[in-house]
Amino acid sequence: MLVSDFIRLSINSVAFHRMRSMLTALGIAVGIAAVVLLTSIGEGINKYVLSEFTQFGTNLIAISPGKASTFGISGAIVNNVRPLSLDDAEALSKIPRIQAVVPVVQGTAAIEYGKRTRHTFIYGTGSAVPKVWQMKPALGQFLPDDDPRFARPFVVLGSKVRDELFGDKNPLGRRIRIGTESFRVIGVMESKGQLLGFDLDDAVYIPTHKAMAMFDQESLMEVDLLYAPGTDSEELSEKIKKSLTQRHGNEDFTIITQDQMLETLGSVLNILTLAVGALGGISLLVGGVGILTIMTIAVNERTAEVGLLMAIGARKQQILWLFIGEAVILASLGGLAGLTIGAGGAWLLGAAVPALPTHTPWSYVLLAESIAALIGLAAGVVPAWRAARLNPIEALRAE
Amino acid sequence: MIQLQGVNREFPVGDETVHALRGIDLDIEAGEYLSIMGPSGSGKSTLLNMLGLLDRPDSGSYHLEGVDTTSLNEENQARVRRDRVGFVFQSFHLVPRLTAAANVELPLVLAGIEPAQRKARVHETLEALGLENRSDHRPDQLSGGQRQRVAIARATIMRPAILLADEPTGNLDKRSGEEVIQTLETLNRQGILLIIVTHDPEIGGRAKRMLHMVDGAIVDDRANTEKAGADET
């Protein structure tokens, strides 16, 4: 029997019970739509979070004082931990393949200009911020490459601080007061938006040693290193570890490469996507039961037809595949409808609620459709097997 | 062509065992015209199913065209049914979803014959039975006689050697029944071996050889001298 005839005959019987077939396919359609929609949202969130985390560049390594296994700024500094100094940062910059280093100290302080005062984040950084964090000044320039211990009192404003303090006025060359010291504005950063609730534009950047003095810190909170693309980050972090251990006497610092961070984050997000996908899978399972039910009914109704087919020379195998083909076609039709609904829904959702990112990966679409066909196959096997095993004489007697 | 030797068949019915066939010995030559008659439950349908390889004997042997059919596996039996045997049933057994042409085409489809070839053969067969302008009708748009003729077209499209008809006129009025019998007899004259199971003595009496069955045994097997050649008149 030709494959095209199998398909034609199966489609014929599916099309004959139009209403019934549509309702059965609907079960699968809802399941597939749920899977596609939920995984689209999951993937969208996944992509969104990863892009948020990579907007400051990708080839980064962060070193923070204190030995901690989790990432983040280690607040509690244990007794025998030596501070991470500007000298350490300078030494690290000499390691081959390190392109730039940003020593970071962070705190909050009041900023005054004229009669306006604003409490905001102060970042003590070096001159390499535009290169390492991939953020450019929109106006003027970033902090100059001064000797880190004697850097001049310049400040670069975040776009929001500029708006709040200066409005439409040109802030370049003005002096503002941060804490007790006076700084000259030499630049304004372009707007970066928010990262996990932090308003990155509501911040100012001053030289590191000024910030250390302002917040009375003897240690840097973090040193960010930018390495040349194509470098093995693990190998490099080994070198950094060796160099710093030599300087400090023991390993009293934590190195986190962004590769590691993204890997961890990625695996968490993938599990999230998988979990929501599995939720949709439950409705898919229900759709599969629907197909099983309708195929069982179909075999019962068509017992006499099975007998006839056997009498005119159909082999058991042919009857088996005819019914399985029907189930697979039902499921695939439902799957296609579900894909359209799911992908369309995801797109609509993305358009209607821009804050909720959605992304429908094609691999998921193909996977969902194959799963639908597979469910049809699985649901069709048992009824089809029953049909194929019918006794032709008894089957012919059924009417 | 057909040789049955000592064929027995039993069915369990409730607690009892029914002997549907008891020691059947039967020789049938190619091109014969047989009727099998007898009261209901006498085993005539069982014998017909046996001849059509829908059933297997519990004991005894059945040689069809020299081949011992009891030694064939399921797949080969299906192939013999498809290629050598045609069935006509009392209740037509047309697939309601398919047009007359598609119903007639089914055995060709099962045999995996190319669509272009199928179309020509279906047309030819329907034409021979005077159904060419009914080919696109569904069974529910056809009269009983037309339905049975479509079924006969389906049974003969593979050009089988044997045509088995189980009460072919049972669901038809007299006139349609007469037409159907004439159609079957025409096919017999063209060389096909025709076996009709019936309880209607008028139809059974038209055959050239008449078998009578009672309680699973053939009690009478004789040539129909008076009716021999009746179809020519």
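Residues numbered from 1 in each chain as written. Chains lettered and ligands numbered in written order. Predicted model: local features only at pLDDT ≥ 70, side-chain atom pairs only at ≥ 80, totals over all residues. Heavy atoms only, no water.

Student: Please clarify how the overall build of chain B should be interpreted in this entry.
Tutor: Helix and strand counts for chain B stand at 7 helices and 10 strands. Computed over C-alpha atoms, the radius of gyration of chain B comes to 18 Å, within 12% of the 17 Å expected from 2.2 N^0.38 for 233 residues, which places it in the range of a compact globule. Here the C-alpha coordinates of chain B stretch approximately 45 × 40 × 35 Å along the principal axes. Across the 233 residues in chain B, those meeting the buried criterion constitute 53%. For chain B, the computed accessible surface area is about 10200 Å², with 45% contributed by carbon and sulfur atoms. Side-chain charges in chain B split into 26 positive and 35 negative, and the spacing between the mean points of these groups amounts to 6 Å. (Helix = DSSP H or I, 4+ residues; strand = E, 2+ residues; numbered from the N terminus. Rg over C-alpha atoms; globule rule 2.2 N^0.38 Å. Buried < 20%, exposed > 50% of the residue type's maximum accessible area, 1.4 Å probe, protein only. Areas by Shrake-Rupley, 256 points an atom, 1.4 Å probe, with all protein chains shown as cover. Lys, Arg positive; Asp, Glu negative; His and termini not counted. Charge placed at Lys NZ, Arg CZ, Asp CG, Glu CD.)

Student: When you look at the domain arrangement of chain A in this model, what are you seeing that I'm missing?
Tutor: When the parts of a complex come together, some accessible area is lost, and that lost area is often taken as the interface size. We note that the domain assignment places domain 1 (3-52 + 264-397) and domain 2 (82-251) within chain A. Relative to domain 2 of chain A, the C-alpha centre of domain 1 of chain A lies at a distance of 56 Å. (Domains from an automatic or database assignment.)

Student: What is the right way to look at helix H7 (residues 233-248) of chain A in this model?
Tutor: Note: α-helices contain 3.6 residues per turn, so residues at a spacing of three or four share the same orientation. All names here are of chain A. Taking 1.5 Å of rise per residue, the 16 residues of H7 would be expected to cover 22 Å, and the 22 Å separating its terminal C-alpha atoms lies within 8% of that figure. Burial in H7 covers these residues: Ser 233, Leu 236, Ser 237, Ile 240, Ser 243, Leu 244 and His 248. Axial view of H7: buried residues confined to an arc of 125°, hence all on one face. What points out from H7, more than 90 degrees from its buried face, is the exposed set Glu 234, Lys 242 and Gln 246. Tucked into the core, H7 has its buried residues touching strand E1 (60-65), helix H3 (86-93), strand E2 (98-113), strand E11 (222-227), strand E12 (253-257) and helix H8 (258-301). (Expected span 1.5 Å × (residues − 1). Arc of directions from axis to C-beta. Contact = heavy atoms within 4.5 Å.)

Student: Just to check I follow, could you spell out unusual backbone geometry for this structure?
Tutor: Residue and element names in this part refer to chain B. The backbone of Glu 65 shows a phi angle near 50°, a positive value even though the residue is not glycine. One can find Glu 65 in the loop between strand E4 (59-64) and strand E5 (67-68). Classification of Glu 65 as partly exposed rests on a relative accessible area of 37%. Backbone geometry places Glu 167, a non-glycine residue, at a positive phi of 45°. By relative accessible area, Glu 167 is classed as buried at 10%.

Student: Help me out: how do you make sense of the interface of chain A and chain B in this one?
Tutor: Taken together, the 25 residues of chain A in the interface contact 29 residues of chain B. For the pair chain A and chain B, the interface holds 3 salt bridges. Between Arg118(B) and Asp5(A) there is a salt bridge; the shortest N-O distance is 2.7 Å. One can count 5 residue pairs in polar contact (both at pLDDT 80 or more) joining chain A with chain B. (Salt bridge = Lys/Arg side-chain N within 4 Å of Asp/Glu carboxyl O. Polar contact = N/O pair within 3.5 Å; in protein donor to acceptor, adjacent residues only side chain to side chain.)

Student: Explanation requested: the sheet that holds E4(B) in the structure shown.
Tutor: The strands that make up a sheet are held in pairs by hydrogen bonds between backbone atoms, and each pair lies either parallel or antiparallel. Residue and element names in this part refer to chain B. Spatial ordering of the open sheet is given by E2-E1-E4-E5, a layout of 4 strands whose pairing is antiparallel. Two strands close off the open sheet at either side, each with one partner strand: strand E2 (16-28) and E5. Pairing of E4 with E5, which is carried by 2 bridges, proceeds in the antiparallel orientation. Bridge pairing links Leu 64 to Val 67 in E5. Its contacts with the sheet place helix H1 (residues 44-51) against strand E1 (2-13), E2 and E4, and it is angled at close to 125° to E1. (Pairing = 2+ DSSP bridges. Axes fitted to C-alpha atoms, helices over the stretch in contact; angles between N-to-C directions.)

Student: Quick question: what am I supposed to make of helix H11 (residues 362-388) of chain A here?
Tutor: Residue and element names in this part refer to chain A. The terminal C-alpha atoms of H11 lie 37 Å apart, and with 27 residues this matches the ideal 39 Å at 1.5 Å per residue to within 8%. Taken together, the buried positions of H11 are occupied by Val 365, Ala 368, Glu 369, Ala 372, Ile 375, Gly 376, Ala 379, Gly 380, Pro 383, Ala 384, Ala 387 and Ala 388. Buried residues in H11 make contact with helix H2 (18-54), H8, helix H9 (303-311) and helix H10 (316-352).

Student: Explain the packing of helix H5 (residues 144-156) of chain B against helix H6 (residues 174-189) of chain B to me, please; I cannot follow it from the model alone.
Tutor: Any two packed helices are characterised by the angle at which their axes cross and by the distance between the axes. All names here are of chain B. Close contact between H5 and H6 brings their axes to 9 Å; oriented N to C, the two are set at 20°. On the basis of the axis angle, H5 is roughly parallel to H6. Every pair of crossing elements has a handedness; the one defined by H5 and H6 is right-handed. Along its contact with H5, which presents Gly 145, Gln 148, Arg 149, Ile 152 and Thr 156, the element H6 presents Ser 176, Glu 179, Val 180, Thr 183, Leu 184 and Leu 187. Classifying every residue of the contact of H5 with H6 by side-chain character gives 4 nonpolar, 5 polar and 2 charged. (Parallel < 35°, antiparallel > 145°, perpendicular 65-115°, else oblique. Left-handed = near helix turned anticlockwise from the far one by under 90°. Nonpolar A, V, L, I, M, F, W, Y, C, P; charged D, E, K, R; others polar.)

Student: Please clarify how the sheet that holds strand E8 (residues 193-197) of chain B should be interpreted in this entry.
Tutor: All names here are of chain B. If you trace the 6 strands from one edge of the open sheet to the other, you get E6-E7-E8-E3-E9-E10, paired in mixed fashion. The open sheet has two free edges, formed respectively by strand E6 (85-88) and strand E10 (217-223), since each of these has just one partner strand. Geometrically, the sheet is characterised by an average inter-axis angle of 15° between neighbouring strands, direction not taken into account. In this structure, E6 lies alongside strand E7 (residues 162-166), joined through 4 bridges in parallel fashion. Following the sheet pairing, Gly 86 is matched in E7 by Leu 163. Along the sheet, helix H2 (residues 74-84) makes contact with E6 and E7, crossing E6 at roughly 75°. Across the sheet, H6 touches strand E3 (33-37), E7 and E8, and the angle it forms with E8 is around 150°.

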